[in-house]
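Working through the structure, step by step
Each chain, letter by letter, is given below.
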Amino acid sequence: MNKLSQKFMAGILVILSVSTCASALLNAGFVDKYYLHQKKKSLSEICGRLMEAVDDGVPYEEAIREIEAENKVIAVSADSRSSDNDMINYEIRDAFQVKGVGFQKFWLWEEDYKEVMRGKNRIRLYSQEKLNYSLLVEYAAGDSRLFSVAMILPDIKDAVRIMNACTVSISFLTILLSLLFIFILVRRVTAPLKQFDAFAASMGRNEFHPLEIHTNDELERAAANLNAMGNQITAYQKSLQNKKEQMEQLLDNVAHDLKTPVSLIRLYADGIKDGLDDGTFLDTIMQQSSQMDRMINRLLFLTRIEKKEPSLEPYDLSDMLQDILESCTPLSKEQNLEFVPDIQAQTVVTTNGEWMESVFSNLITNAVKYASGHKIWITLQKNAEQVVFIIKNECRKEHLNLEKIWDPYYVGEQSRNKHLSGTGLGLTMVKKMVQKLNCEITCTLEDEMLSFILKIPLD
């Protein structure tokens, strides 16, 4: 038995034991007094009805018979005109004996008699010790007579002792049954708690083992919530691990891409210093510096995308797309490519113009870079719910891994040849900007046709 079970069992045992003792003490010290109080109250009500009947003119013998028939009492009367207290006592005692009630101890004290005759009822308890009962008698005066109404009370102390004995026996049995029930119940509670403890320990070791608790109560719901939390933490840890790996890869790629121009700049600078310049060294240095500047600017822009919330304004995407295609025409002709546009006019949406222009530019230059055919198909259409932008070009499947196409510094193939060369950040920026703008973008490659599909909601 574990410590929690021991605490439960000890607590229940103390509660039941204290309750039993308190019940026994209460019975012994209070029940008899409360019982007597209630009987006095009942006797006073009965005596009051008797006196009301007498006052209403009912003959006292008839009133006594009615009261005795309706209640478990014995009522008698004596002539109150006599001033001899002893005589009245004997008369009352004889009247009770005629009705079968004998007193071992009985006496109406003279002071009580005087008070009764002044209109104040008196109640006296006569304990019949050898007979194990008592007589509760109320005295009242009316119609020149002294009325005595008696109620027989059993010896309540004996009843309390019997009651306490029964209470202790029943409580002892109740304690045993309660302990058995509590033991079973506590085991049902503590068994899942052990699993919770093991779950917490495993999560501390970065291990997630789902809880298997089927109690159909709050513990099962708690287990379900912990399992959901464990899944979220595991997914978050995997995401952090992926982010870490991406960051390491990013740093490696940045170092790799910066190392080459830095080395060339140093090499050509040394050549100029040694007088070996053939007139092209400064141009090469400027070219490599520009490449480094573009790379750094793209990295900074990628960082700003993560932190910045874009401002939104209405923009005509059709005009924006036409301008981008015109600016990319020289590059397409250089690559012997033809743009085939299908652009719906006046396609106005609420978005961030700078970011959307960057998205279109990156997707178009990406298509030019990866196209293996001679055409690039561009579609911009608007329906009731959204604007759909599609750009398609022929592409050799072996050059691309669609699972990595959105990763930083992925440029299409491991060799990073000049024909496919680039910073490898364009599609990464596209993905992040699209997500920030609450848009959706997908990429497919079917039958050597590479397609990017951008969906821009109108709301």
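Above this text you will find the structure in question.
About the criteria used
Residues numbered from 1 in each chain as written. Predicted model: local features only at pLDDT ≥ 70, side-chain atom pairs only at ≥ 80, totals over all residues. Heavy atoms only, no water. Salt bridge = Lys/Arg side-chain N within 4 Å of Asp/Glu carboxyl O. Helix = DSSP H or I, 4+ residues; strand = E, 2+ residues; numbered from the N terminus. Buried < 20%, exposed > 50% of the residue type's maximum accessible area, 1.4 Å probe, protein only. Core = buried A, V, L, I, M, F, W, Y, C linked by side-chain atoms within 4.5 Å. Contact = heavy atoms within 4.5 Å. Arc of directions from axis to C-beta.

1. Some points on the pattern of salt bridges
Counted according to the given criterion, the structure contains six salt bridges. Across the pair Lys 99 and Glu 68 runs a salt bridge whose closest N-O atoms are separated by 2.7 Å. One end of the pair, Lys 99, is in the loop between helix 3 (85-98) and helix 4 (110-117); the other, Glu 68, is in helix 2 (residues 60-70), with 31 residues separating them in the sequence. The partner of Arg 122 in a salt bridge is Glu 115, with the nearest N and O atoms 3.5 Å apart. Of the residues examined, Arg 122 reaches a relative accessible area of 24% and is grouped as partly exposed. Taking relative accessible area as the criterion, Glu 115 reaches 16% and is therefore assigned buried. Sharing partners across several salt bridges, the network here consists of Glu 115, Arg 118, Lys 120 and Arg 122.

2. Description of the nonpolar core
In terms of nonpolar packing, the biggest core is built from 49 residues, with Phe 452 and Leu 454 touching the most fellow members. Among the elements that line this core, the one with the most residues is helix 9 (residues 353-370), at nine residues. Look past the residues within four positions of Phe 452 in its chain and what remains in contact with it is Leu 363, Asn 366, Phe 389, Ile 390, Ile 391, Ile 405, Trp 406, Leu 427, Ile 441, Thr 442 and Cys 443. Grouped together as the second largest cluster of nonpolar side chains are 20 residues, Ile 92, Phe 103, Tyr 139 and Leu 146 included.

3. Details of helix 4
One turn of the α-helix equals 3.6 residues, which is why residues spaced by three or four share an orientation. By the burial criterion, the buried members of helix 4 are Asp 112, Tyr 113, Glu 115 and Val 116. Projection of helix 4 onto a plane perpendicular to its axis shows the buried side chains occupying an angular sector of 165 degrees, all on one side. Looking at the buried side of helix 4, the elements it contacts are helix 3, strand 2 (122-128), strand 3 (133-142) and strand 4 (145-154). Residue Gly 119 follows helix 4 closely and has a positive phi angle near 100 degrees.

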